[in-house]
Amino acid sequence: MNNALLKEVLRDKELASKYKINEEMISKAKLAPPYENEIIEYLAVIIKSKMLDNHGDVTVYNQVRNLIR
Amino acid sequence: MANIINQISFQNFYNYFGSFDKNQYEFSEGVNIVVADNGAGKSKFFNGFLWIFYDEVLDSDTKTRKNIKNQAVKICSDKAKNEASVNDFIECNVALEFSDKRFRYRISKGFRLKKLKSDSSLTESADWQVFFKELEVSKRDIQLLVYHEVYDSDEQKRILNSLIQPNLREYSLFQGEEVDKLIDFNQADSINRAVKSLTDINKYDELEKITKYVATRAEGELNEIIKSSNAASLNYTKKLEEKESKKNSLESELEKLVSYENSYSLYKSEVDKLENLNENAEGRKEFDDKIKEETSKLKELKEEYDRLVEKLNERFFDGNFGWIAIGCENEVKNFREKLNSYREIRTLKKASKLNDHSNHQINLLPPDSPDSVTLQTMLDREHCYVCDREAKKDSESWKHINSLLNRKDSSQNKPIQVFNNDLNDFFGDIQLGAQPYVGRIIGIEESIIRTREKEQSLLDKITKVKEKINNLKEERSHLIIGGDEDNLSDARQIMAQYRGALTRLQKAEEDIIKSRTRIDGLNEGIRKDENELSRMRPQDTPKEYEFHFEISSDLRDAAQRTKIRVFDEMILKLEKMANQHFQNLIKHNDLSGGILKFEKNPIGTIDFKYIDEKGNEVTGASEGFQRMKVLAVLMAIISVNPNGYLYPLLADAPLSAFGKGFILGFFEETEKVFPQSIILLKDLYDKESDNKLNKLGNELLKNKSVSSIYLNQIPENLKQIEVYTEHIKIK
């Protein structure tokens, strides 16, 4: 289900256009690394942390913040 | 992979007397059926599930679910209790085995019952001591044979909940009419609750919230960095303030929107309720018209009855009926005889008196007969027509005829007093007065019987009309929603309330639309500000934080749009799937059903309508169709979920009395939606058939989607305390 959620958001036209996400990337997208690009990574981390690991909002943000390089 | 119930077994549980191995049912994927006639253990079987999942059983006396703790003595087999000796322990248990893709689990609940007296009552709690056992859970790897006990209570609970999640149990476990309550189409929230429970749509809400939180935190962090560097220009700070102000306005507008949406929900419920009342008011008016018509009939009948009763007295004296003379046949005969006798004597006496009279002409013939013309003819022809003899001229006879012709007056007119008290006229008056009744005497009894029949017929008609009025009132009373008819306004007032509620609903809808427009405007303004701010940021702003914010806000916006898109797509799919399921469910029935219509309402939830081809709302569908609507919508909600449904369907008599068509449709469709179903029903039972299945049961026996069919039976001629259920596996 959470993989389906990830793919559905990546299908958003504006997002896909801006971050050049194509169908192949969407079909391969998953919650676990490695990630094709940063937007998939961001979204996967949020979904995994919130939906799979049931973390609180603050923890989710801290995990996302760790992606800042 | 879905969870599959592999086995359920009972030990001394209700009719399921004896050890587990005697009361063991094996099930697999697909449709599993337990056929049982009334009293052969369907609901008791279902109670096994209720015990496992809810620690409850359905009390057949009160039709309510009761906690198992208070029902122990009642649910233990009567036969086992009867056969037990004092201080004996009886085991009463239910055990269920299920498997997922990796493990097979065994869950057991039970108690022990100790008999305290030799004459213990089978139902009296005080005569028995109950020892409840803890929940027992064990599991084994699906490839292995040995079960291992699970002692951790949290793990036990997790395993139990994994079989059917608590929030899904109402959709997975239902009994008879409970189906109708699964989705209440009159409750706006009911269908949305089912959608939220059975689909993953909630995840999109959750994602929208968390991405919004992440974006807000990312923006805050970026602005903190910019502020701390003191490199921000005045214009940047000003634009930032403008954006903050818009964000505050947005928050305020979002709060208003929530308030408008709450009002909308409130007014929608009001409209729905009044819509029903309004429909009911129209329905009531129809009943009122019928009641009025029947009341008028009743009034006429009562008046006719009153008139009949009033006329009963008159009929005693009315010449057309003459009831007063009933039973007087002999009196009339006696009176005639006596009157004749009296008149004979009187005539003789009169004749004797007339002999003494100067005229000497006695006429014993009736007065004035023969008449003068006849007498003259007799003289002319010299023949007496009275005695039919010759009367030659100047003979004695001829002279007598001549004297009669020449008599001065008839004897009748002669004032001759025969008796001192002559009652001839008195008796004559009686005879004359009684004449109308005398002719009726023979028919009086018949006349009374007919009158009684008419009276009875009127009374019957009055009773029937009264019954009809009462029935109409009874039917009418069911149209009153909210119960108290006295406090309900009349139809006109309801209509006025309905119009008022509609106006309020429309106002709330307009408020929502305006608010959404303002929110869109503010969001657009904020996005523009963000774009401007991104250009105005000091050059030494860390790019990674800028990117962090940008990517977070893009995900926030994408999550928002995705939620709306997925929900819209889901509504379309729901409608398509629900209609497919509905048509399949009713395809074996002669009547065609309407169209199930799903619409997104202004607050972003689903409105449901049942319409005809022309788009008119259909009301008054039969109970069978209503239930099929619920099942079709439920199946559609499950079907739109990409992962399908992972739990079994356990249903007791879900379609009782709905007929073969619905049952067949139900089995065919259930198999497509539920990975496993265990259906308990009597509708396939036929006592006279060789295998005890009726025609439909035998059709299902050949159906590939039906995995197993069990038949429950009670051996014949058993006393109540000896009753136990036997079962055989037919398929």
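Residues numbered from 1 in each chain as written. Chains lettered and ligands numbered in written order. Predicted model: local features only at pLDDT ≥ 70, side-chain atom pairs only at ≥ 80, totals over all residues.

**Here's the deal with the packing of helix α16 (residues 543-585) of chain B against helix α17 (residues 623-640) of chain B**
Residue and element names in this part refer to chain B.
For step 1, the next point in the chain: It is the contact of α16 with α17, at a shortest axis distance of 8 Å, that shows an interaxial angle of 135 degrees. Here α17 runs oblique to α16, going by the angle between their axes. When the axes of α16 and α17 are compared, the crossing they make is right-handed. Here Met-570, Lys-573, Leu-574, Met-577, Ala-578, His-581, Phe-582 and Leu-585 of α16 come into contact with α17, specifically with Met-628, Lys-629, Leu-631, Ala-632, Val-633, Met-635, Ala-636, Ile-637, Ser-639 and Val-640. (Axes fitted to C-alpha atoms, helices over the stretch in contact; angles between N-to-C directions. Helix = DSSP H or I, 4+ residues; strand = E, 2+ residues; numbered from the N terminus. Parallel < 35°, antiparallel > 145°, perpendicular 65-115°, else oblique. Left-handed = near helix turned anticlockwise from the far one by under 90°. Contact = placed C-beta atoms within 7 Å.)

**Section: the packing of helix α4 (residues 38-52) of chain A against helix α5 (residues 57-65) of chain A**
Residue and element names in this part refer to chain A.
For step 1, the next point in the chain: Contact geometry of α4 with α5 gives a least axis separation of 9 Å together with a crossing angle of 150 degrees. What the angle tells us is that α4 and α5 run roughly antiparallel. The interaxial crossing formed by α4 with α5 has right-handed handedness. Contacts between α4 and α5 involve Tyr-42, Val-45, Ile-46, Ser-49 and Lys-50 from the first element and Thr-59, Val-60, Gln-63 and Val-64 from the second.
For step 2, the next point in the chain: Per-class residue counts for the contact of α4 with α5 are 5 nonpolar, 3 polar and 1 charged. (Nonpolar A, V, L, I, M, F, W, Y, C, P; charged D, E, K, R; others polar.)

**Thoughts on the sheet that holds strand β19 (residues 726-729) of chain B**
Residues and elements named next belong to chain B.
For step 1, the next point in the chain: Pairing is mixed across the open sheet formed by 6 strands, whose spatial order is β11-β16-β17-β3-β18-β19. Looking at the sheet topology across the chains shown, the edges are occupied by β11 (173-175) and β19. Each adjacent strand pair in this sheet contributes to an overall mean axis angle of 15 degrees, direction not counted.
For step 2, the next point in the chain: Against the sheet, helix α18 (residues 660-673) contacts β3 (30-36), β16 (649-652) and β17 (676-681), and its axis sits at roughly 140 degrees relative to β3. (Pairing = 2+ DSSP bridges.)

**Remarks on the interface of chain A and chain B**
For step 1, the next point in the chain: Contacts between the two partners involve 23 residues from chain A, matched on the other side by 22 residues from chain B.
For step 2, the next point in the chain: Listing elements by their share of the side of chain A that touches chain B, those giving two or more residues are α1 (2-10), α2 (13-18), α4 and α5 of chain A.
For step 3, the next point in the chain: In terms of residues, the side of chain A that touches chain B owes the most to one element, α4 of chain A, which gives 8 residues.
For step 4, the next point in the chain: Each residue belonging to the side of chain A that touches chain B can be placed in one class, and the counts come to 15 nonpolar, no polar and 8 charged.

**So, the pairing of β3 of chain B**
Residues and elements named next belong to chain B.
For step 1, the next point in the chain: The element β3 is extensively covered by neighbouring structure, given that 6 of its 7 residues are classed as buried.
For step 2, the next point in the chain: The pairing of β3 with β17 spans 6 bridges and is parallel. Looking across to β17, one finds that Gly-30 is bridged to Gln-676.
For step 3, the next point in the chain: Bridge count for β3 against strand β18 (residues 706-713) is 6 bridges, and the pairing is parallel. (Buried ≥ 20, exposed ≤ 12 C-beta atoms within 10 Å, placed from the backbone.)

**Regarding the environment of Ile-551 of chain B**
For step 1, the next point in the chain: Mapped onto the elements of the fold, Ile-551 of chain B is located in helix α16.
For step 2, the next point in the chain: Overall, the presence of 24 C-beta atoms within 10 Å leaves Ile-551 of chain B in the buried class.
For step 3, the next point in the chain: With residues near it in sequence (within four places) discarded, Ile-551 of chain B still touches Glu-38, Ile-39 and Tyr-42 of chain A.

**Some words on unusual backbone geometry**
Residue and element names in this part refer to chain A.
For step 1, the next point in the chain: Following Pro-33, the chain continues to Pro-34 via a peptide bond in cis, the omega torsion being 0 degrees.
For step 2, the next point in the chain: Checked against the element boundaries, Pro-34 lands in the loop between α3 (23-28) and α4.
For step 3, the next point in the chain: The phi angle at Lys-20 is positive, at roughly 55 degrees, despite the residue not being glycine.
For step 4, the next point in the chain: You can see Lys-20 is positioned in the loop between α2 and α3.

**A look at the confidence of the model for chain B**
Where the model shows low pLDDT, its predicted coordinates should not be examined in detail.
Residue and element names in this part refer to chain B.
For step 1, the next point in the chain: Chain-level statistics for chain B give a pLDDT mean of 86 and a share of 92% at 70 or above.
For step 2, the next point in the chain: Within the model, pLDDT remains below 50 along residues 481-488, and this stretch shows 8 contacts once partners closer than five positions in the same chain are excluded.
For step 3, the next point in the chain: ipTM for the predicted complex: 0.98, alongside a pTM of 0.67. (pLDDT = per-residue confidence, 0-100.)

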